[in-house]
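Chain residues, written in single-letter form:
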Amino acid sequence: MTKRPALRRHLSTSPFKAPVAPLAKHFALGERVSHDRYGLGKVIGVEDKTAMLVDFGSHEVRIVSPYTGLHKL
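Because the structure is predicted, anything quoted here is derived from the model rather than measured.

Engineer: What should I look at first to understand the sheet that holds strand β5 (residues 70-72) in this one?
Structural biologist: Across a sheet, paired strands are connected by hydrogen bonds in the backbone, their directions being either parallel or antiparallel. Strands sit in the order β4-β3-β2-β1-β5 across an open sheet of five strands; the sheet is antiparallel. For this open sheet the edge positions go to β4 (60-64) and β5, each flanked by a neighbour on one side alone. Averaged over all adjacent pairs, the angle separating strand axes in this sheet is 40 degrees, with direction ignored. Bridge analysis of strand β3 (residues 51-55) against β4 gives five bridges, and the strand direction is antiparallel.

Engineer: Is there a simple way to think about the pairing of strand β2 (residues 39-47) in this case?
Structural biologist: Each regular strand displays side chains that alternate between the two surfaces of the sheet. As defined by bridge partners, strand β1 (residues 32-35) adjoins β2 across four bridges and the pair is classed as antiparallel. When the bridges of β2 are listed, R32 appears paired with K42. Between β1 and β2, which pair antiparallel and follow one another directly, the connecting turn spans three residues. Pairing of β2 with β3, which is carried by five bridges, proceeds in the antiparallel orientation. The partner of V43 across the bridge, within β3, is V54. Taking the residues between adjacent antiparallel strands as the criterion, β2 and β3 are bridged by three residues, where D48 takes a positive phi near 40 degrees.

Cut-offs and rules
Residues numbered from 1 in each chain as written. Predicted model: local features only at pLDDT ≥ 70, side-chain atom pairs only at ≥ 80, totals over all residues. Heavy atoms only, no water. Pairing = 2+ DSSP bridges. Helix = DSSP H or I, 4+ residues; strand = E, 2+ residues; numbered from the N terminus. Axes fitted to C-alpha atoms, helices over the stretch in contact; angles between N-to-C directions.

So, in structure tokens, the structure goes:
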């Protein structure tokens, strides 16, 4: 049984900048999007900010949050 590594916390006296959390992306039904791997598509389903279904023409893909590689058009 192995232990999980402890979470690192930023000290206020540190000379280094605190890590910045990425902003959450929000997409609406019917919105046109572009994905780095799949190309152009259209949002056809949204699941409570955890995942969404995108139609890329030849196939539909379920993309999970934080939606890396996905951009609004």
